[in-house]
Each structure stands twice: as structure tokens, then as C-alpha cells.
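# Report on the structure
In case you want the letters, here they are:
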Amino acid sequence: MFLVIQARTMSLVENNIEYNLIFLVGQSGSGKTSCGKILSDLISWTFIDTDEELILKHGKSIDDIFKENGEEFFRSEELMIVKELIKKSNLVISTGGGMPEIKNIMGLMNYFGATFWLKTSPLEIEARLVKSNKNHRPLLFNNDLSLIENLEQQAKNRYSYYSRASFHIDTDKKDIEDVALEIKEALYKS
């Protein structure tokens, strides 16, 4: 354990950033993937999208994984991915919208990295998702509620999880490039 902490500290000093991992959390459609790609370029780190990792691992869409195996299986797979990623460094990680609901995962991500909640209103997300890939967002499109009703319900249900993030970034009416710059500034200030 001591060697891991020592190696982590040296890397942090070299990069002048307090963290070796950056986790982006927030609702589906909040801009985590787009922002993460820009941020990773800004700080020259590797970008990882946990949904894409699951798609690659299973050779199926997110929707198919949900349909064939259920949400509990999906969440257990997300947890396994995070447990692998925390062994690495210099990563910007876009998490699935429901990942923070996994028991103790916010604590795990906060311990091993910086967590940023891309706080986006349901109305803003609805405007972004109207033309999106519905198969990538099964919990938003596969029930009897409208998109805005699903978004509002999810925002209410997940607020307590998202709010555990180290940093809260309001993304409404902002260009995704400005959000990435705001995160970069927060990383260097802290």
C-alpha cells in the first residue's frame, strides 16, 4: 500500500495536478463524453468512456446488455470497470449516467480521483437528446414516460448521488469547450 501511495504522489507532483484520475458524472446527455474528450486533449491524458468499454467487452449495445442481462448485471459490470480503472493513472473517465447509484462507488471515485458533476437541467438535456441514439440510453426511452418526465424523475432520484462529487459544474447554456476549460482550471487551482 505504501508503494502505491508513494508512486501516486510522485506522479501528482510531476503533473502539477492534485489527482491522477478524473471522473465525470451526471445524467445521460449532460455532455460527459464530449467534455471528457476535450479535457483529455487539454491535459494530455487518456480518455475512457465506461459505456464504450462495456460495449467493447460484450460486443453489444448498452440497450442489448440491459435487455438480455438486466440493470443489476449492468451495474456490476460498471463497478468492475471502475475497479480496474482506479489501478491506472492519467485518465479522464466519462461514467454512465446511473453509475453513481452503485453502492459506495462515489466514495471509491472520490478517494482515487477528482469527481466532477456536470450539472445539467432536464430541459437542457431534453433539447440535446431529441435526436440522440435511443439504444444507448435505455432508461430514458424504454418506458411509458415522456423523455422530459424520465429526465426529471432521474434528476430527482440521482441528485443525492451526483451531489457527492468533489466539484459541481453547471453546464446549462455553456459550450462544452468552456466546460472542459472550467474543469481544467478547477484541477490546477485545487
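See the structure printed just above.
A brief look at the structure comes next. (Residues numbered from 1 in each chain as written. Predicted model: local features only at pLDDT ≥ 70, side-chain atom pairs only at ≥ 80, totals over all residues. Heavy atoms only, no water.)

## Points about the packing of helix α3 (residues 50-58) against helix α4 (residues 62-85)
Keep this limit in mind: Angles run from 0 to 180 degrees between N-to-C directions of axes, and those axes are lines fitted to C-alpha atoms, restricted for helices to the stretch in contact. For the purposes of this entry, the term helix denotes a DSSP run of H or I that reaches at least four residues, the term strand denotes a run of E that reaches at least two, and both are numbered from the N terminus. The scheme is simple: roughly parallel for angles under 35 degrees, roughly antiparallel for over 145, roughly perpendicular for 65 to 115, oblique for anything else. The sense of a crossing depends on the near helix, which, turned anticlockwise from the far helix by less than a right angle, makes the crossing left-handed and, turned clockwise, makes it right-handed. By definition in these notes, contact holds between two residues if any of their heavy atoms fall within 4.5 Å. In the scheme used here, Gly and all other residues not listed as nonpolar or charged are polar, with Ala, Val, Leu, Ile, Met, Phe, Trp, Tyr, Cys and Pro taken as nonpolar and Asp, Glu, Lys and Arg as charged.
It is the contact of α3 with α4, at a shortest axis distance of 10 Å, that shows an interaxial angle of 115 degrees. Taken together, the axes of α3 and α4 lie roughly perpendicular to each other. By crossing handedness, the relation of α3 to α4 is classed as right-handed. Contacts between α3 and α4 pair Thr50, Asp51, Glu53, Leu54, Ile55, Lys57 and His58 from the former with Ile62, Ile65, Phe73, Phe74, Glu77, Glu78, Met80, Ile81 and Leu85 from the latter. Taken together, the residues of the contact of α3 with α4 sort by class into 9 nonpolar, 2 polar and 5 charged.

## Re the packing of aromatic side chains
Going by this rule: Two rings belonging to Phe, Tyr or Trp (six-membered ring only in the last case) form a pair when the distance between their centres is within 6.5 Å. Interplanar angles under 30 degrees mark stacking, angles over 60 mark edge-to-face geometry, and anything in between is tilted. Here's how the labels work: a residue is buried when its accessible area is under 20% of the maximum for its type, exposed when over 50%, partly exposed in between, all with a 1.4 Å probe on protein chains only.
As enumerated under the stated definition, the model contains 5 aromatic pairs in all. Ring centres of Phe66 and Phe74 lie 4.6 Å apart, and the angle between their planes is 40 degrees; this geometry places the pair in the tilted category. Phe74 matches Phe66 in its accessibility class, with the two residues each being buried. Ring centres 4.8 Å apart and planes at 80 degrees place the aromatic pair Tyr111 and Phe112 in the edge-to-face group. In this structure an aromatic cluster arises from ring pairing among Trp117, Tyr159 and Tyr162.

## Examining the sheet that holds strand β1 (residues 21-25)
In plain terms, the rule: Strands are labelled as partners when DSSP assigns at least two bridges between them.
An order of β2-β3-β1-β4-β5 is seen for the 5 strands of this open sheet, with the pairing classed as parallel. Strand pairing shows two members of the sheet lacking a second neighbour, β2 (46-49) and β5 (167-170), which therefore form its edges. Pairwise comparison of adjacent strand axes, ignoring direction, gives a mean angle of 20 degrees for this sheet. Direction of pairing for β1 relative to strand β4 (residues 114-119): parallel, over a ladder of 4 bridges. Looking across to β4, one finds that Leu24 is bridged to Phe116.

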